[in-house]
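Chains, contacts and geometry: an overview
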There are 2 protein chains.
Amino acid sequence: MVATGAVPASPPIPGLDLPGVHLLHTMGDTFALEHALAVRSRCSVVIVGGGYIGLEMAEALTTRGLSVTLVEQAPTVMPTVDPQLGRRIGAELASHGVSVHTGLTVSAIRGADGQLRVLGEPSFAQAADLVLVVVGVRPDVELAAAGVSTGVRGALQVDRQMRTNPPDVLAAGDCVETWHRLLEAPAYLPLGTTAHKQGRVAGENAVGGQASFAGSLGTQVVKVFELAVARTGLRDQEAAAAGFDPVTVGSAEFDHKAYYPGAHQLHLRITGDRHTGRLLGAQLVGNHHAEVAKRIDITAAALFHAMTIDGLSELDLSYTPPFGSPWDAIQLAAQAWTNQAGRPRREHLGLDDLADPKAEVQRDRPPAVIRRLWRPRAAGGDQGRR
Amino acid sequence: MVATGAVPASPPIPGLDLPGVHLLHTMGDTFALEHALAVRSRCSVVIVGGGYIGLEMAEALTTRGLSVTLVEQAPTVMPTVDPQLGRRIGAELASHGVSVHTGLTVSAIRGADGQLRVLGEPSFAQAADLVLVVVGVRPDVELAAAGVSTGVRGALQVDRQMRTNPPDVLAAGDCVETWHRLLEAPAYLPLGTTAHKQGRVAGENAVGGQASFAGSLGTQVVKVFELAVARTGLRDQEAAAAGFDPVTVGSAEFDHKAYYPGAHQLHLRITGDRHTGRLLGAQLVGNHHAEVAKRIDITAAALFHAMTIDGLSELDLSYTPPFGSPWDAIQLAAQAWTNQAGRPRREHLGLDDLADPKAEVQRDRPPAVIRRLWRPRAAGGDQGRR
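In short, a report on the structure. Computed from a predicted structure; not experimentally measured. (Residues numbered from 1 in each chain as written. Chains lettered and ligands numbered in written order. Predicted model: local features only at pLDDT ≥ 70, side-chain atom pairs only at ≥ 80, totals over all residues. Heavy atoms only, no water.)

Quick look at the sheet that holds strand β7 (residues 115–121) of chain A
All names here are of chain A.
- Pairing in this open sheet of three strands is antiparallel, and the strands run β6-β7-β8 from one edge to the other. Either end of the sheet is taken by a strand with one partner, and the two such strands are β6 (105–112) and β8 (124–128). Averaged over all pairs of adjacent strands, the angle between strand axes in this sheet comes to 20°, irrespective of strand direction.
- Note that β6 and β7 share seven bridges and pair antiparallel. Each residue of the ladder has a partner; that of Val106, found in β7, is Gly120. (Pairing = 2+ DSSP bridges. Helix = DSSP H or I, 4+ residues; strand = E, 2+ residues; numbered from the N terminus. Axes fitted to C-alpha atoms, helices over the stretch in contact; angles between N-to-C directions.)

This is the structure in structure tokens:
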């Protein structure tokens, strides 16, 4: 059983080995950083990388009283959500005193007079006592790669029983490919939730079971100061790349009845297939007390079952004024999608041979029945019917 | 289109017509109560009924500075959840100064010297300035009942297109029967969420559509001071009455990683069918900042799709230490259920004719495929196979 995890990615930046430059992945990395902070009374830090770890560290170090500068290569922080939401996250960081620089590539780190200097393009130079480099991870396959096939991003290839080639070697976690339930293909998604599920499947099969990994939707959440940021499924360009015909509709909804004190506005982006009305993904940003994480999870449960966007409104969700509305915010966002993108027309679904001629589009189909319909169109094919 | 709603139930208690005794259902009732409170400087109130409205009023009036006594006929408040959870809610009320009396039937309300006196069995007598009687509702069918068939609890009979008999009369909301998705039978569930969904279906069909109501799971939530209390699906005795073979397992799980500040313990009760492993219901009590409402909604989305309890652990839910665990609390509670009740054995599922002989129990089956298996056993039937 191989469970070697991941190692932090090292970008090609001169100066990563200077004292005061930290990667952050292992317990040892954390202790080293803690020690570096403890020996300084005041301290400025540059964080290279505006993903999950970079944002969490920006919050933690700001809370600790440090002066924090965050540098991200993409046009907005947290490029795993759409720029419309990334800009909100950037504004949240700035409002808490973080100096945010996006669209900026770090070119070198230099040391002089006990201080570090971070240089970047275009035209960035920032002095710092500490530099944190957190630009993602890559699978740690050093132990296994000699004897085991590798695939996406160099991760170990596994089937849904978590067997490698050779099949008597099982593997799970951040070192392996992850079956993506929507793409119906392997991806590299090094997430704790996925690692736990894969470990359970691998463990059961290692002792003679026949468990199968149900697949990941890439569901994720992070807290950034007062905000929670969550996503599940595919974004527009990811869905398009996979052959879907995506439409993404943004909306703003209150987390609960506005007349009840403490209502917060949520910003939602729902992605669905124009052709079939199938739900493909959701992104959600809102106050950290607005049940953002579990709202994305409701959507993830719907995605798991290949629901349509219209079908979301049929879910029997709870309501009381302090916690929601008779239609939950995700249902209102789904209705906003349908209002903008339209309901798929019956002839677009190719149901003529399946359905009662009087039946309208069925809104919630079990995956087995609709697999043929739900699959992305082959490139170039099926254009006539649109 | 009939949408007459419900009217408050009037229990057979002498004295309901005395000045100072209030029912609470309409806007007018609320204004009358507001006025009664405004003209008194200090005030004591007895609330008859420990359901949703009674609990919300106990919180609201206590917050307003009134001295509140709550009386409930059942052994615990909020008898729509199991007594183990009802006792926690009673303790929450008491810790905020509400005087809670359970297992007590109000027999009369008397007026003397400008004060009211509430009498009950066994041995209860309590003076009050105001009495609030909130013991539920019944369908308001006065307008329609002459020409329309009625069913459960006297509500208007409707099909899933929300057509009554006669079919040109559509009806929706608290005046009609509600199709229960698990029971596959009508029930009376006067809830705002359900009314909205039924109204949408009826409206679409009134203008020539073919929409169908997907059914209710009885998903509900209420806030009681610092607690949120939520449920979805069937409780043990409801499931047994419907012919299932239920097991209910209680557990306590943290809402998020305990090392991250502010973790709260959630108390969960999961009900499933011993025979098939099918998820039948869930109840959840926890701090109102612990995303209780949306956690029950994740479970409701799973129930909607007829998942097994084992299947809950396959949902790709979000994780970050401030909001959850790599297995969410509902997945841990599901695992506790399986650890206690056991996984259903393959021969119990009657899959021999369906499944690959090497396949283990499939954990997540679309409703159409497993309808035969998922249906409650007919009374007295199918005993040989257990």
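Some words on the interface of chain B and chain A
- Listed by partner, the interface residues are 61 residues for chain B and 61 residues for chain A.
- The contact between chain B and chain A buries some 5200 Å² in all, and 58% of this surface belongs to carbon and sulfur atoms.
- It is Lys294, Asp316 and Phe323 of chain B that lose the most area in chain B upon contact with chain A, and together they represent 15% of the buried surface on that side.
- Scanning the region where chain B abuts chain A turns up four salt bridges.
- Glu204 of chain A is the partner of Arg343 of chain B in a salt bridge, and the nearest nitrogen-oxygen pair spans 3.0 Å.
- One can count 24 residue pairs in polar contact (both at pLDDT 80 or more) joining chain B with chain A.
- Within the residue set of the side of chain B that touches chain A, elements represented by two or more residues are α2 (52–63), α4 (192–206), β13 (220–224), α6 (292–304) and α8 (329–341) of chain B.
- At ten residues, α6 of chain B tops the list of elements feeding residues into the side of chain B that touches chain A. (Contact = heavy atoms within 4.5 Å. Buried area = accessible area lost by both parts, 1.4 Å probe. Salt bridge = Lys/Arg side-chain N within 4 Å of Asp/Glu carboxyl O. Polar contact = N/O pair within 3.5 Å; in protein donor to acceptor, adjacent residues only side chain to side chain.)

Looking at the packing of helix α6 (residues 292–304) of chain A against α6 of chain B
- Where α6 of chain A contacts α6 of chain B, the two axes come as close as 8 Å, and the packing angle between them is 0°. As judged from the angle between their axes, α6 of chain A and α6 of chain B are roughly parallel. Contact residues: α6 of chain A offers Lys294, Arg295, Asp297, Ile298 and Ala301 of chain A, while α6 of chain B offers Lys294, Arg295, Asp297, Ile298 and Ala301 of chain B.
- Residue composition of the contact of α6 of chain A with α6 of chain B, grouped by class: four nonpolar, no polar and six charged. (Parallel < 35°, antiparallel > 145°, perpendicular 65-115°, else oblique. Nonpolar A, V, L, I, M, F, W, Y, C, P; charged D, E, K, R; others polar.)

A short note on the environment of Gly49 of chain B
- Its place among the elements puts Gly49 of chain B in the loop between β3 (44–48) and α2.
- When the C-alpha atoms of Gly49 of chain B and Val135 of chain B are compared, they prove to be 5.0 Å apart, with 86 residues separating the residues in sequence.

Regarding helix α1 (residues 27–38) of chain A
- The terminal C-alpha atoms of α1 of chain A lie 16 Å apart, and with twelve residues this matches the ideal 16 Å at 1.5 Å per residue to within 8%.
- Of the surrounding elements, those touching the buried residues of α1 of chain A are β2 (21–23), α2 (52–63) and β9 (130–133) of chain A. (Expected span 1.5 Å × (residues − 1).)

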